[in-house]
Amino acid sequence: MSIFDEISEQSRRAILMNLMDGSRSVNEIVEATGLRQPNVSNHLARLRAKGIVSTSRIGRHIYYSISKAEVEDALNAIIRTSESPTTGASLSDLVIPYARAACRGDERECNRIIDQALRTNRELIPLYTELLSAAMTTIGEWYLSGAIDDAQEHMTSSITERQMARIMNYLGAPNPTGGVAVIGAAPHNHHTIGLRMLSDFLTSQNWSVKFLGANVPIPSFLREVSDSRPEIVLISCAHEDGVEWTLRLIRELVSQRGKEGRPQIGVGGWMVNEDPKRFLDEGADFLATSLVQFSEVILPTVTAHRG
Ligand code: B12
């Protein structure tokens, strides 16, 4: 019998859902699920025999926990296929708890919050913008006020990048059949979370994406574009130190592009929002201040251009 068969039974599923928040004693499970104690004990014995839960003893108490990552994955898959995408807590309620947990470095709690969000929302854009992006903006405010330091800001960034990878894993990416995009940041540009959001969105829309990340030397950026022959190149610039490098990259991309005007060059990020003109003057074709604007306004135009 598969894990899926085991956890599709209602009471066992309720018990396992409870264990997804951490280890529990029989009494705690009885209290949380409302099931009768002998019932809970029987189910736990069965799940233990099948290796789905394991036990640990602290003092006189025995605690049960989920024993394998595959069980959590299977539970998440069942949750995703059995619950309505529109029910449950709003994503904005999760912003502060997520930001706090990330600043504490409590990745397990961040995983839990993202799993909770995935139970009620299975669309990439709200998860990224209403939860993760909003949390990063809040974290930026805490950093500016001195409430958190650089180490915490860096830690939250890496945790968030990993959460994005988890979300992509949960949502699943289709096979690339659409256009090709090269995405990255020029030297001295270290802000990549926004770029990664664009990258994941395009991946979810069947694009094949080459994500180069931060601080990419210009010659190798150009080499990748020349080899991949993308429809679009997306570049982010969020700090003064990276502006000249970004302008230079745009200039070089424009000079190496073919007669058919490919690739189109898109820019975004803090410095672009502050002074878009100099990026457009250098030859950028479009810009967007957010993932929502990119997906709703820019991409349809780019796709239409592609014919
Ligand atoms: C996390 C963060 C970092 C992380 C980045 C880690 C990473 N892997 O990305 C680290 C710690 C490395 C960092 C470093 C620095 N940062 Co910083 N950082 C932030 C913070 C807190 C959040 C950024 C973020 O991820 N936001 C969430 C994403 C989703 O939003 P986004 O980046 O804006 O992207 C969206 C749009 O802009 C747009 N977009 C972005 N790029 C593109 C590209 C294209 C083509 C398109 C179409 C659209 C698009 O779509 C995205 C999705 O909606 C912001 C604060 C804030 N209010 O934004 C400061 C902030 C961006 N950082 C800032 C600064 C000053 C710095 C540092 C100098 C010092 C520091 N420690 O803060 C260095 C400079 C590094 C450098 N040279 O690039 C300033 C920039 C202001 C400025 N222009 O001077 C900000 C605004 C904080 C502030 N108010 O002072 N930072």
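In this report, we go over the structure that sits alongside the text. Note that the coordinates shown come from a computational prediction; the quantities given were computed from them, not determined experimentally.

A separate point is the overall build of the protein. Of regular secondary structure, the protein possesses 15 helices and 7 strands. Principal-axis analysis of the C-alpha atoms gives the protein an extent of 75 × 45 × 30 Å. A buried classification covers 42% of the 307 residues belonging to the protein. Within the protein, contacts between residues separated by at least 24 positions form 71% of all contacts whose residues are at least 6 apart in sequence. When the accessible surface of the protein is summed, it comes to about 15,400 Å², and 48% of that surface belongs to carbon and sulfur atoms. Taken as two groups, the 31 positive and 37 negative side-chain charges of the protein have centres that lie 8 Å from each other.

Quick look at the coordination of the cobalt atom of the ligand now. Protein coordination of the cobalt atom of the ligand rests on one atom only, His191 (NE2), at 2.3 Å. Tracing the chain through its elements places histidine 191 in the loop between β3 (180-184) and α10 (193-204).

The next point concerns helix α11 (residues 218-228). The set of residues buried in α11 consists of Ile218, Phe221, Leu222, Glu224, Val225 and Ser228. Along the axis of α11, the buried residues cluster in a sector spanning 160°; they form a single face. Away from the buried face of α11 by more than 90 degrees, exposed residues Pro219 and Asp227 are located. On the buried face of α11, the contacting elements are β3, β4 (208-213), β5 (232-236) and α12 (243-256). Immediately beyond the C-terminal end of α11, within one or two residues, lies arginine 229, with a positive phi of roughly 45°.

With that settled, consider a negative patch on the surface. Together, Glu240, Asp241, Glu244 and Glu274 line one region of the surface with negative charge. Mapped onto the secondary structure, glutamate 244 falls in helix α12.

Attention now moves to the site of the ligand. Inspection of the region around the ligand gives 36 residues, with Glu161, His190, His191, Thr192 and Ser236 positioned closest. Between histidine 190 and the ligand, the recorded distance is 2.8 Å, taken from a backbone N or O atom to an oxygen atom. A distance of 2.7 Å separates an oxygen atom of the ligand from a polar backbone atom of threonine 192. Mapped by element, the contributors of at least two residues to the shell around the ligand are α8 (124-144), α9 (150-171), α10, β5, β6 (264-268), α13 (270-274) and α15 (291-306). Here the shell around the ligand is built from residues that sort into 16 nonpolar, 17 polar and 3 charged. Counting only domains with at least three residues in the shell around the ligand, you end up with domain 2 (84-171) and domain 3 (180-306).

As paired elements, strand β1 (residues 53-58) and strand β2 (residues 61-66) share 6 bridges and run antiparallel to each other. When the sheet's bridge partners are listed, serine 56 is paired in β2 with tyrosine 63.

Before going further, it helps to spend a moment on the packing of aromatic side chains. In this structure the tally under the stated criterion is 1 aromatic pair. When the centroid spacing of 6.5 Å and the interplanar angle of 35° are considered together, the rings of phenylalanine 286 and phenylalanine 294 count as tilted. Taken as a pair, phenylalanine 286 and phenylalanine 294 share a single burial class, namely buried.

Taken in spatial order, the 5 strands make up an open sheet running β4-β3-β5-β6-β7, and their pairing is parallel. Since the sheet does not close on itself, it has two edges, and those belong to β4 and β7 (286-287), each with one partner. In the sheet, β3 pairs with β5 via 4 bridges, with the strands oriented parallel. Its bridge partner lying in β5, alanine 181 is registered against isoleucine 232. Taken strand by strand, α11 contacts β3, β4 and β5, and its axis lies near 175° from that of β3. Here α12 sits on the sheet and contacts β5 and β6; the angle it forms with β5, its principal contact strand, is near 170°.

About the thresholds
All residue numbers refer to positions counted from 1 along the written sequence of the respective chain. Two thresholds apply to this predicted model, a pLDDT of at least 70 for residue-level local features and 80 or more for giving and counting side-chain atom pairs, whereas whole-chain, interface and lining totals are computed over all residues. In computing side-chain values, all of the structure's heavy atoms are included and hydrogens and water are not. Put simply, DSSP H or I for four residues or longer makes a helix, DSSP E for two residues or longer makes a strand, and each gets a number counted from the N terminus. Under the scheme applied here, a residue whose accessible area is under 20% of the maximum for its type counts as buried, over 50% as exposed, and between as partly exposed, the area being computed with a 1.4 Å probe on protein chains only. Here, two residues are considered to be in contact whenever any of their heavy atoms come within 4.5 Å of each other. Shrake-Rupley sampling with a 1.4 Å probe provides the accessible areas, and residues are treated as covered by the protein chains on show and by no other component. The charged-residue count follows a simple rule in which Lys and Arg add positive charge and Asp and Glu add negative charge, with His and chain termini not counted at all. For charged residues, the charge sits on one atom: NZ in Lys, CZ in Arg, CG in Asp, CD in Glu. For Na, K and Ca the donor cutoff is 3.2 Å, while for all other metals N, O and S atoms count as donors only within 2.8 Å; water does not appear among the atoms, so some sites may look incomplete. Note that the arc is defined by the directions from the helix axis to the C-beta atoms. Residues enter patches when their relative accessible area tops 30% and they take part in no salt bridge; the joining distance is 9 Å for like charges and 5 Å for the nonpolar side chains Val, Leu, Ile, Met, Phe, Trp and Tyr. Whenever a carboxyl oxygen of Asp or Glu lies within 4 Å of a side-chain nitrogen of Lys or Arg, that contact is scored as a salt bridge. What makes a residue near a molecule or strand is one non-hydrogen atom of that residue sitting within 4 Å of it. Contacts described as polar in this section are N or O atom pairs within 3.5 Å, which, within protein, must combine one atom able to donate a hydrogen with one able to accept it, while residues neighboring in sequence count only if both atoms come from side chains. Classes in brief: Ala, Val, Leu, Ile, Met, Phe, Trp, Tyr, Cys and Pro nonpolar; Asp, Glu, Lys and Arg charged; the others, Gly included, polar. Source of the domain bounds: an automatic or database domain assignment. Paired strands, as defined in this entry, are two strands with at least two bridges between them according to DSSP. Any pair of Phe, Tyr and Trp rings, taking the six-membered ring for Trp, is counted once the centres come within 6.5 Å. Such a pair is stacked with planes under 30 degrees apart, edge-to-face with planes over 60 apart, and tilted for the rest. As a rule, the C-alpha atoms of each element are fitted with a line to give its axis, helices using only the stretch in contact, and angles between N-to-C directions run from 0 to 180 degrees.

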